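Observations on the model geometry
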Amino acid sequence: MTLIVPGMRRVALQAPSRFFVCNQCLRQTVAPQQRFASRVLNVVRSRGFADAKPATPLGSMADHVASRSTSTQARELAKTAFPKTNPKSVAYWLIGSAVSVFGIVVWGGLTRLTESGLSITEWRPVTGSLPPMSQEDWESEFEKYRASPEFKLLNPHMTLDEFKKIYFMEWAHRVWGRFIGLSFVLPTVYLIARRRVTTKMAFNLLGISALIGFQGFIGWWMVKSGLKDDLFAPGSHPRVSQYRLTAHLATAFVCYSWMLLSGLAILRTHRLLADPKAAMSALQALKNPALNAFRRSVFAVAGLTFITIMSGALVAGLDAGLIYNEFPKMGLGLTPPKAELWDKFYCRKEDGSDLWWRNMLENPSTVQMDHRILAVSTFCAILALFTYSRTGRVAAALPKDAKKGATGLVHLVCMQVALGISTLIYMVPIPLAAAHQAGSLAVLTGALVLAHRLKVPRPTLRMIEQRLKQLKQ
């Protein structure tokens, strides 16, 4: 025993110290070694020895942990960032929404032409989504309509069955508007919350959503003007304010145009990014200086078309299409007498300072003449634009799809002029008048599509340039 104890003491003094250290102390001493090995590895790599293998597995372990941390952070950042491009499904949804707005514009014209717009005298965005469900409900709605100026002055002999027909026209118009709002706003919230669209498109969708809500407010504001009798002279035809009707139609047209152009922009971006080399050559061709004047002319024609449509809304609001039902003359001459065009009856100021603009906006004869002048001007401008697209340097530089767009615009405006003249001569029959309103939106669509094809999308151009650089590398 006396020999064993001194031997064990010598072995303990010669043994490594790690056999007599607790696990916690051992971890604290190993960790600095790992950090030191990782720092050494980084220094070696920074000096150009990228292919050198670490002497210990600690360096590879640290590198693996760092790469996993970086990839995790990248994934988290990708979830919170907006993408650079929009999916095609968003484009199809936008164009489908635009088609729905096109339909409700035509239906709204039918509602006005059938004198149905004032049949519902209350605005109930939620409870008004359901029609009357019982005989008592119908009697209640009919009683409210009896108190309106339209019933007293225009339909004093209307029965309940006749009232149901015009009620369903207006009810369908309002429900369709609510459907457009819900089918657009709810997907907008989802797409933005899930970061499925670009930042620019997110702002576009929010703007369109706000415009849809504003459109509903303007619609009721318009109807409300027809439920009061302060607009009407004794014995006149009950109607809504032509100013509010024009604002309602203008908002619908802007909403439609915004949806359409946003959807077309997404599809065009995907088409260009599919073949960057061909896309670059096509976009460079659009930068040809010979197309600058033509491009500005197209934008001007689109603006003139919109103004012409708004003048048509004034004609509809004043029922000005029911007078001077011949073309090109208006009565005995090309224009009515000067005293009729600038009638002091429409002035509200004693000094007559509002004579000219009130006659242009409130005198049915002057309003119809203005619409004729604007319509003929738009027709001639589109024909001149088509001729310009086929002559000189423009014809050589203009892309094929833009030439087709100019040709299609000529066809649309010719059809619209024929519908307008027919509507006037036959004293505004409902089918022709509704087709004329649809034709106005079709002409505006043709002008917008042509302008869209001539525009150089700068964000898309930058993405194409980046992809071409990546392909070269």
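Predicted model, so just to flag it, every value in this text is computed and none were measured. (Residues numbered from 1 in each chain as written. Predicted model: local features only at pLDDT ≥ 70, side-chain atom pairs only at ≥ 80, totals over all residues. Heavy atoms only, no water.)

Of the volumes computed, that of the second largest pocket is approximately 730 Å³. As for the second largest pocket, its lining consists of 26 residues, and the residues nearest its centre are K200, A265, T269, P459 and T460. Mapped by element, the contributors of at least two residues to the lining of the second largest pocket are α8 (199-226), α9 (242-274), α17 (430-454) and α18 (458-472). Sort the elements by how many residues they give to the lining of the second largest pocket and α9 lands first, with eight residues. Taken together, the residues of the lining of the second largest pocket sort by class into 11 nonpolar, 10 polar and five charged. Residues from two domains meet in the lining of the second largest pocket; each of domain 1 (83-273) and domain 2 (288-455) gives at least three. (1 Å grid on protein atoms, 1.4 Å probe; cavity = no way out; pocket = protein on both sides within 12 Å on 5 of 7 lines; lining within 4 Å. Points joined across faces, edges and corners; volume = space filled by probe spheres on them. Helix = DSSP H or I, 4+ residues; strand = E, 2+ residues; numbered from the N terminus. Nonpolar A, V, L, I, M, F, W, Y, C, P; charged D, E, K, R; others polar. Domains from an automatic or database assignment.)

Within the element layout of this structure, E170 appears in helix α7 (residues 160-193). If we ignore the near neighbours within four places in the chain, the residues touching E170 are T111, S116, G117, S119, I120 and V223. (Contact = heavy atoms within 4.5 Å.)

What follows is about the pattern of salt bridges. Applying the stated rule across the entire model yields eight salt bridges. For E170, the salt bridge identified is with R174, shortest N-O distance 2.8 Å. Remark: R174 and E170 occur in helix α7; sequence separation between them is four residues, near one turn of the helix. Of the two residues, E170 and R174, both sit in the buried class. Residue R358 is joined to E362 by a salt bridge in which the shortest nitrogen-to-oxygen separation is 2.8 Å. Here R358 and its partner E362 are both found in helix α13 (residues 355-362), four residues apart, which amounts to about one turn of the helix. (Salt bridge = Lys/Arg side-chain N within 4 Å of Asp/Glu carboxyl O. Buried < 20%, exposed > 50% of the residue type's maximum accessible area, 1.4 Å probe, protein only.)

Turning our attention to the packing of aromatic side chains. Applying the stated criterion across every chain, the model contains 16 aromatic pairs. Judged by centre distance (5.9 Å) and plane angle (65 degrees), the rings of F102 and Y256 are edge-to-face. One end of the pair, F102, is in helix α4 (residues 88-113); the other, Y256, is in helix α9, and 154 residues separate them in sequence. Taking relative accessible area as the criterion, Y256 reaches 6% and is therefore assigned buried. (Phe/Tyr/Trp six-rings, centres within 6.5 Å; stacked < 30°, edge-to-face > 60°.)

Okay, helix α5 (residues 135-146) next. Under the 1.5 Å per step criterion, the end-to-end length of α5 is 16 Å for 12 residues, consistent within 8% with the ideal 16 Å. Those residues of α5 that sit buried are W138, E141, F142 and Y145. For α5, the buried positions fall inside an angular range of 100 degrees around the axis, keeping them on one side. Contacts made by the buried residues of α5 are with α6 (149-153) and α7. (Expected span 1.5 Å × (residues − 1). Arc of directions from axis to C-beta.)

On the surface, Y243, W342, W356, W357 and M360 cluster together into a nonpolar patch covering about 490 Å² of accessible area. A per-element tally of the nonpolar patch places α13 first, with three residues. A relative accessible area of 34% means that Y243 is categorised as partly exposed. (Patch = residues over 30% accessible without salt bridge, like charges linked within 9 Å, V, L, I, M, F, W, Y side chains within 5 Å. Areas by Shrake-Rupley, 256 points an atom, 1.4 Å probe, with all protein chains shown as cover.)

All we've got here are geometric facts, nothing functional implied.
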